[in-house]
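Okay, here's what each chain looks like letter by letter:
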Amino acid sequence: FFAPHHPHACPRIINTHTPTYTNMRIPAPSSPPPLSPYGTFTGSLFQYSSSPSLIAFESKPPAFTTTQTKNKCILLGGLSDGPIPTPYTKHLEHICHSHNWSLVQPVLSSSYLGFGHG
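Residues numbered from 1 in each chain as written. Predicted model: local features only at pLDDT ≥ 70, side-chain atom pairs only at ≥ 80, totals over all residues. Heavy atoms only, no water.

**Considerations on the sheet that holds strand 3 (residues 44-50)**
Across a sheet, strands are paired by hydrogen bonds formed along the backbone, either parallel or antiparallel in direction.
No. 1: Here four strands make up an open sheet; going across it, the order is 3-4-6-5 and the pairing mixed. Pairing within the sheet leaves two strands with one partner each, and these edge strands are strand 3 and strand 5 (72-74). For this sheet, the mean inter-axis angle between neighbouring strands, taken without regard to orientation, is 30°.
No. 2: Note: strand 5 against strand 6 (residues 102-106), three bridges, orientation parallel. (Pairing = 2+ DSSP bridges. Helix = DSSP H or I, 4+ residues; strand = E, 2+ residues; numbered from the N terminus. Axes fitted to C-alpha atoms, helices over the stretch in contact; angles between N-to-C directions.)

**Considering the pattern of salt bridges**
No. 1: Summed over the entire model, instances satisfying the criterion amount to two salt bridges.
No. 2: Glu93 is paired through a salt bridge with Lys90; the nearest N and O atoms lie 2.9 Å apart. Taken as a pair, Glu93 and Lys90 lie in helix 1 (residues 89-98) at a separation of three residues, close to a single helical turn. (Salt bridge = Lys/Arg side-chain N within 4 Å of Asp/Glu carboxyl O.)

**Regarding helix 1**
No. 1: Here helix 1 has its buried residues at Thr89, Glu93, Cys96 and His97. For helix 1, the angular spread of the buried residues around the axis is 95°, confining them to a single face. Relative to its buried face, helix 1 has exposed residues pointing more than 90 degrees away, namely His91 and His94.
No. 2: Where helix 1 is buried, its residues contact strand 4 (53-59), strand 5 and strand 6.
No. 3: In the segment just after helix 1, Asn100 is the residue with positive phi, at about 60°. (Buried < 20%, exposed > 50% of the residue type's maximum accessible area, 1.4 Å probe, protein only. Arc of directions from axis to C-beta. Contact = heavy atoms within 4.5 Å.)

Bear in mind that shape data such as this cannot, by itself, settle questions of function.
Next comes the structure, spelled out in C-alpha cells:
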C-alpha cells in the first residue's frame, strides 16, 4: 500500500499487517520476585493528612503491636523516595525496635516525583 505524503515526494510504504500472536506461551516464574530489595516490613498504614491525602507506614516493636509507642523515628528518604528508601532501612528498624521505638516511613506529596514537602 503506497500513500504519498507530499505531491512531489516519493511514496512511503505503510505497513497494514498486524501481527497475530496465537498459541504463545509465557513460562511461569520459578519464584515470585522480591517485594523490595531492602527487605519486607510488618506494620500498619495510617493517614496523617486528609488534604492532600497522605499516608505513612509504621512498624512497631513486637511488644507494642496493639498499643502506641511513645517514641518514633521518622525516616525520610532522599529526593523523590518513598518508603523503604535505603539499604539500611531494615537495620534501622531493628535498632529502633531494640529500644522500643517505632519506625515511621511517610509518603510525602513529592514521593516518587521530585522536590517537595510533607
